[in-house]
Amino acid sequence: MPLVRNALPRARWLRAAVLVAASTGLVAAALPAPAPLGIGDPLFPHLGNPGYDVLAYDLDLTYPGVNTKPLAAVTRIDALATADLERLNLDFTHGSVSAVTVDDIPAAYTGSGEDLIVTPALPIDAGEQIEITVTHTSDPTGPADTGGWVRTGDGLAMANQADAAHRVFPSNDHPADKAYFTFRITAPSALTAVANGLPAGRVDHGATTTWTYRTRHPMATELAQVSIGSSTVVHRTGPGGLPLRDVVRTADRELMEPWLRKTPGQLEWMERQVGPYPFETYGVLVADADTGFELETQTLSLFERGLFTEPGYPEWYVDSIMVHELAHQWFGDSVSPRTWSDLWLNEGHASWYEALYAEEKAGKSMERRMEAAYAASDEWRADGGPPAAPEPPSPGHKISLFRPVVYDGSALVLYALRQEIGTEAFGRLERRWVADHRDSTATTADFTALAGEIAGRDLTAFFRDWLYAAKTPPMPGHPDWRSRPAEAVRTAAKPA
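For the structure given in this document, a descriptive report is provided here. (Residues numbered from 1 in each chain as written. Predicted model: local features only at pLDDT ≥ 70, side-chain atom pairs only at ≥ 80, totals over all residues. Heavy atoms only, no water.)

1. Observations concerning the overall build of the chain
Counted only if it meets this: Only DSSP runs of H or I covering at least 4 residues are called helices, and only runs of E covering at least 2 are called strands; the numbering of each starts at the N terminus. Note on method: radius of gyration uses C-alpha positions; expected globular size equals 2.2 Å times residues raised to 0.38. Only protein chains enter the calculation, and the probe is 1.4 Å; a residue is then buried if its accessible area is under 20% of its type maximum, exposed if over 50%, and partly exposed in between. Areas reported here follow the Shrake-Rupley algorithm with a probe of radius 1.4 Å; residue values treat only the protein chains shown as occluding. We score Asp and Glu as negative and Lys and Arg as positive, and we do not count His or the chain ends. Taken as the charge location is NZ of Lys, CZ of Arg, CG of Asp or CD of Glu.
Scanning the chain for helices and strands turns up eleven helices and 21 strands. Its C-alpha atoms give the chain a radius of gyration of 23 Å, within 12% of the compact-globule value 23 Å for 496 residues. Overall, the C-alpha framework of the chain stretches about 75 × 50 × 40 Å when taken along its three principal axes. Sorting the 496 residues of the chain into buried and exposed places 57% on the buried side. Working note: accessible area of the chain is about 19100 Å², and carbon and sulfur atoms make up 53% of it. When the 42 positive and 63 negative side-chain charges of the chain are each reduced to one mean point, those points stand 3 Å apart.

2. What to know about the sheet that holds strand β13 (residues 198-204)
By definition, the strands of a sheet pair up through backbone hydrogen bonds, in either a parallel or an antiparallel sense. Cut-off, in case you're wondering: For two strands to be treated as a pair, DSSP must find no fewer than two bridges joining them.
Across the sheet, eight strands lie side by side as β5-β4-β8-β2-β1-β11-β14-β13; this open sheet has mixed pairing. With one partner strand each, in any of the chains shown, β5 (105-106) and β13 form the two edges of the open sheet. One ladder, built from two bridges, connects strand β4 (residues 97-102) with β5; its direction is antiparallel. The partner of Thr101 across the bridge, within β5, is Pro106.

3. Observations concerning the packing of aromatic side chains
Applicable threshold: Two rings belonging to Phe, Tyr or Trp (six-membered ring only in the last case) form a pair when the distance between their centres is within 6.5 Å. Interplanar angles under 30 degrees mark stacking, angles over 60 mark edge-to-face geometry, and anything in between is tilted.
All told, the structure shown has 25 aromatic pairs when counted by the stated rule. Centroid distance Phe44 to Trp340: 6.3 Å. Interplanar angle 70°. Geometry classified as edge-to-face. Remark: Trp340 occurs in the loop between β20 (335-337) and α6 (343-362) and Phe44 occurs in the loop between α1 (10-30) and β1 (52-62); sequence separation between them is 296 residues. Summarising the burial analysis for this pair, Phe44 and Trp340 share the class buried. When the ring of Tyr277 is compared with that of Trp330, the centres are 5.5 Å apart and the planes differ by 80°; the resulting orientation is edge-to-face. With Tyr277 in the loop between α3 (263-274) and β18 (284-287) and Trp330 in the loop between α5 (315-328) and β20, the pair connects residues that are 53 residues apart, well separated along the chain. Given a relative accessible area of 6%, Tyr277 falls into the buried group. Every member of this aromatic cluster is reached through a ring pair, and the members are Trp344, Trp352, Tyr374, Tyr415, Phe426, Trp433, Phe447, Phe462, Phe463, Trp466 and Trp481.

4. A word on a negative patch on the surface
Condition: For patch building, the residue pool is restricted to those with more than 30% relative accessible area and no salt bridge; the joining distance is 9 Å between like charges and 5 Å between nonpolar side chains (Val, Leu, Ile, Met, Phe, Trp, Tyr). A pairing counts as a salt bridge when a side-chain nitrogen of Lys or Arg comes within 4 Å of a carboxyl oxygen of Asp or Glu.
The grouping of Glu359, Glu360, Glu367, Glu371 and Asp480 at the surface amounts to a negative patch. Listed by contribution, the elements that provide at least two residues to the negative patch are α6 and α7 (366-384). Looking at the element boundaries, Glu371 is found in helix α7. Note on Glu371: relative accessible area 36%, which makes it partly exposed.

5. Digging into the packing of α6 against α7
Put simply, the test is: Only the stretch in contact is used when a helix axis is fitted, and all axes are lines through C-alpha atoms; the angle between N-to-C directions ranges over 0 to 180 degrees. By the definition adopted for this analysis, an angle is roughly parallel if under 35 degrees, roughly antiparallel if over 145, roughly perpendicular if from 65 to 115, and oblique otherwise. Between two residues, a contact is recorded if the distance between any of their heavy atoms is within 4.5 Å. Throughout this entry, Asp, Glu, Lys and Arg are counted as charged residues, while Ala, Val, Leu, Ile, Met, Phe, Trp, Tyr, Cys and Pro are counted as nonpolar. The remaining residues, Gly among them, count as polar.
One way to put it is that α6 packs onto α7 with a least axis distance of 9 Å and a crossing angle of 140°. Comparing the axis directions of α6 and α7 gives the class oblique. Every residue of α7 that contacts α6 at Ser351, Trp352, Glu354, Ala355, Leu356 and Glu359 is listed here: Met366, Glu367 and Arg369. For the contact of α6 with α7, the per-class residue count stands at four nonpolar, one polar and four charged.

6. As for the pairing of β4
The pairing of β4 with strand β8 (residues 129-138) spans five bridges and is classified as antiparallel. Each residue of the ladder has a partner; that of Val97, found in β8, is His136. Taking the residues that link successive antiparallel strands as the turn, the β4-β5 hairpin has two residues, and the phi of Asp103 there is positive, at about 55°.

7. Brief notes about helix α10 (residues 444-455)
Side chains that are three or four residues apart share a direction in an α-helix, a result of its 3.6 residues per turn. As a reminder, the rule being used: Between the first and last residue of a helix there are one fewer steps than residues, each counted as 1.5 Å, and that sum is the expected span. What qualifies as a polar contact is a pair of N or O atoms within 3.5 Å, subject to a donor-acceptor requirement within protein and to the restriction that residues adjacent in sequence count only when both atoms come from side chains.
Helix length check: α10 (twelve residues) gives 16 Å between terminal C-alpha atoms against 16 Å at 1.5 Å per residue, within 8%. Of all the positions in α10, only Thr444, Phe447, Leu450, Ala451, Gly452 and Ile454 are classed as buried. Among the structural elements, α6, α8 (408-421), α9 (423-436) and α11 (460-468) are those in contact with the buried residues of α10. Between the side-chain oxygen at the start of α10 and the backbone nitrogen of Ala445 there is a gap of 3.3 Å, and the oxygen is on Thr443.

8. Structural notes on the pairing of strand β14 (residues 208-214)
Within β14, five of the seven residues are buried, leaving the element largely enclosed by the surrounding structure. Strand direction decides the pairing type here: strand β11 (residues 180-188) and β14, joined by seven bridges, are antiparallel. For Thr186, the partnering residue across the bridge sits in β14 and is Thr210. Bridge analysis of β13 against β14 gives five bridges, and the strand direction is antiparallel. For Pro199, the partnering residue across the bridge sits in β14 and is Tyr213.

9. A few points about the sheet that holds strand β7 (residues 115-119)
The strand order across the open sheet formed by three strands is β3-β7-β6, and the pairing between neighbours is antiparallel. Two strands lie at the open edges of the sheet, namely β3 (88-91) and β6 (108-112), each paired on one side alone. Each strand of the sheet is rotated relative to its neighbour by a mean of 25°, with strand direction disregarded. The sheet contact formed by β3 and β7 spans four bridges and is antiparallel. Looking at the pairing, Asp91 lines up with Asp115 of β7.

10. Thoughts on helix α2 (residues 253-260)
Basically, it comes down to this: When we speak of the arc, we mean the arc of directions from the helix axis to the C-beta atoms.
What α2 keeps buried is the set Met256, Glu257, Trp259 and Leu260. End-on view of α2: buried residues confined to an arc of 165°, all on one side of the axis.

11. Describing the side chain of Glu325
Considering the arrangement of structural elements, one finds Glu325 in helix α5. Its relative accessible area of 0% is what places Glu325 among the buried residues. One polar contact links the side chain of Glu325 to the main-chain amide nitrogen of Glu296, over a distance of 3.3 Å.

The following block contains the structure:
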């Protein structure tokens, strides 16, 4: 969606131009020492930034053809100030900054922690629309488990969950602040670049090509995806004429086709459960990388190549994992968590539809899976906290937030809810949830309130016990189920 900004008033521009050389240093000197800020997320206290709302990102990335060298980048951010600001913070690390402007006027900047702190030439007034432009590098090197760029066998992809988008580009890196995205990726012409959304142009420059993509729906930073590599883009049509595109290594085009052609049917199945697909396109990105997880990047889900080539994985299991990431397009992408403590709404629902699909298509009993989850639930809660009040991730290992309690431990909450209110009411709740909060963010309180409305009764005590208690409450309809210390709780990374 194109964004029309209000031009900086000429008088303000002239005053800023006169004062920029002198006043920026004086203003910066008068302010408190730069420090990282946050929006108060209990799990990531320095993530996100107060005082503005991002409307759109415009990312220019230039890939040098080698995935161990930094990319040259320019990030433009259109934002609306929600408070008077003499200084603003962006989340950014793992790259070097060479220039910052605010409304085309040079601004002072410094780093503190994982924040880039910008002091514009003149203070910003609440209600003012601003453009922040950062010229920087984007470094794809570093430990693989820190997130951000993923180095593949033939190039790069992204895995930004939960708080790693700012290892790639300056941003307000929290899902509470969704925005539209435009990507311009320049790469050697022998390679293919793909990003979230739909293609919006391709320009050949001889040795290099610039590819442009735009999203038609707002997106959280953690869901941004850029793939650069020796790839083929496979096109087909989904339900209602939805354009589908999958991205695979050119050498794997035929090898992957038996899996890729499953997507239209999986989309039809999900639409029968919860309603229309919420975005402009969908597809699977198969990366030649060993990440240990799959990831629901918006409109283009990231999968490890090994998921589809490992002979030990049965077909039904791979199918269900594909549906897990597809379900996230509704639960987590279109309806995003307001805080990271609401993560159970993402992963519990994706695990729920993963299990339901396996039951319907492969005869894998949902009830037996939930009974096994119930048996392990107390141990999961002890290890990671209850579903809606998870423990913070371990220091230096942010992905440890994705514990069993947010997967099957949270799907178990949904199973209990269906048992409590009935299958028909549960189905109406699911469809209302994704329709009411499409393209937005929502909280656990929003979900529990809607569930009570649809059930026609107060569910406060039910949700208090199932979402926040240290011990798992009795399962409605299954008084014989018992939770016990799990002797072997699965701790390996699961699909995100």
